[in-house]
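# Results of the structural survey
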Amino acid sequence: MSAPVPPTDKLEAIFARKRRELAARGPRVAEHPRPPGRDFAAALTRHRPGLPINVIAEVKRRSPSGGDFPHTDLVSVARGYEAAGACAISVLTDDVDFGGSLEDLLQVRAAVSVPVLRKDFLVAPQEIEESAALGADAILLIADALEDGALAEMVATARACRVAALVEAHTQEHAERALQAGAELVGINNRNLATLRTDIATALRVIPLLRGRAKTFVAESGLKTHEDFVAARSAGADAVLVGESLLRAPHPGEALARLLTPGKTT
Ligand SMILES: O=P(O)(O)OC[C@@H](O)[C@@H](O)c1c[nH]c2ccccc12
């Protein structure tokens, strides 16, 4: 059961570019020895007393839907997130749409002690091996854009490389495909990457339909308030993935601390 992707949407355009880039550059050899891995899956499920939910906090310089964000020192933003209680940091490494790089990933990982997720549009198992060699603790896979065979192969490669795979989907159908491919960590993205539209009811609707079928669920994108965190938790999410609403604040770490506390807003 493979799901064809409409050829004209934003997500397909990004994946077409990524395939061209990979074909043009060939294998990337790791310049740095791999530091010991940090347990991303455990970080997402660990109970932290007093916090409404575990938060994967994201750093990125810009996004197609949000434009430029005001922070250029991603390392200090990441440190602020960790100090505020983030369980992991997500680093966008796509350059064209998000202004990121693998160098950002390495710098952030060296600056924090929590696990780090490489957020990109990965198209081939080779890129997972490279991510592992560089020291990523986790990688993102986008079920909506990968055929069944490729998805299963990439999930298996991640397991072999001891890198956690967060497999995201925007719909129940694609989440079912993620589970079929062997995903243990499933993200439900509130943003439709084909249209860039966000509806935070998406994760609240889809996660309860899948309860018990993955180890861990993450609600992703568009979360802005403490109440959004509480609602994600009630729907069965172990963690949330949050970027833009924090990155708009002058001090993203302080913004995260406020979101984690009842009765305070950013
Ligand atoms: O910045 P937001 O709306 O809080 O969302 C964070 C994260 O979920 C979003 O950046 C994201 C989720 N899946 C992706 C896939 C590619 C690029 C980006 C994403």
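For the structure itself, look to the data block above.
Each chain has its residues counted from 1, following the order in which its sequence is written. The predicted nature of this model means local features are confined to residues of pLDDT at least 70 and side-chain atom pairs, given and counted, to a pLDDT of 80 or more, with totals for whole chains, interfaces and linings taken over all residues. Side-chain measures here rest on the full set of heavy atoms in the structure, leaving out hydrogens and waters.

## Some details on the site of the ligand
Surveying the vicinity of the ligand reveals 18 residues, the closest of which are Glu58, Glu168, Ser221, Gly243 and Glu244. Contacts described as polar in this section are N or O atom pairs within 3.5 Å, which, within protein, must combine one atom able to donate a hydrogen with one able to accept it, while residues neighboring in sequence count only if both atoms come from side chains. Here a nitrogen atom of the ligand sits 3.5 Å away from a polar atom, N or O, in the side chain of Glu220. Residue-level accessible areas treat just the shown protein chains as cover; the underlying method is Shrake-Rupley with a 1.4 Å probe. For the ligand, the accessible surface in isolation is 440 Å², of which the surrounding protein chains cover 98%. Cavity means a closed set of points on a 1 Å grid over the protein atoms alone, one where a 1.4 Å probe fits but cannot get out, pocket means an open set with protein on both sides within 12 Å along at least 5 of 7 lines, and lining means a residue has an atom within 4 Å of a point. Assignment to a cavity or pocket requires that more than half of a molecule's atoms be within 2 Å of the site's grid points. Judged by the fraction of its atoms near the pocket grid, the ligand is located in the largest pocket. Elements with a minimum of two residues in the shell around the ligand: strand S6 (138-142) and strand S10 (239-242). Amino acids are sorted into nonpolar (Ala, Val, Leu, Ile, Met, Phe, Trp, Tyr, Cys and Pro), charged (Asp, Glu, Lys and Arg) and polar (every other residue, Gly among them). For the shell around the ligand, the per-class residue count stands at seven nonpolar, four polar and seven charged. When at least one non-hydrogen atom of a residue lies within 4 Å of a molecule or strand, that residue is treated as near it. Segments assigned H or I by DSSP are reported as helices when at least four residues long, segments assigned E as strands when at least two residues long, and all are numbered from the N terminus.

## Brief notes about the pattern of salt bridges
Salt-bridge detection follows one rule: a side-chain nitrogen of Lys or Arg within 4 Å of a carboxyl oxygen of Asp or Glu. All told, the structure shown has 16 salt bridges when counted by the stated rule. The partner of Asp148 in a salt bridge is Arg177, and the shortest N-O contact between them spans 2.6 Å. Here Arg177 lies in helix H7 (residues 172-180) and Asp148 lies in helix H6 (residues 148-160), a separation of 29 residues in the sequence. What emerges from the salt-bridge pattern is a single network uniting Lys10, Arg17, Lys18, Glu21, Asp94, Asp97, Arg118 and Asp120.

## Regarding helix H11 (residues 252-259)
Only protein chains enter the accessibility calculation, which uses a 1.4 Å probe; a residue whose area is less than 20% of its type maximum is buried, one above 50% is exposed, and one in between is partly exposed. Listed as buried for H11 are Pro252, Gly253, Ala255, Leu256 and Leu259. Looking down the long axis of H11, one finds its buried residues gathered within 160° of arc, a one-sided arrangement. When checking whether two residues touch, look at their non-hydrogen atoms; a contact exists if any pair is within 4.5 Å. Against strand S1 (54-59), helix H3 (74-84), helix H9 (226-235) and helix H10 (244-247) lie the buried residues of H11. This arc is built from the directions going out from the helix axis to the C-beta atoms.

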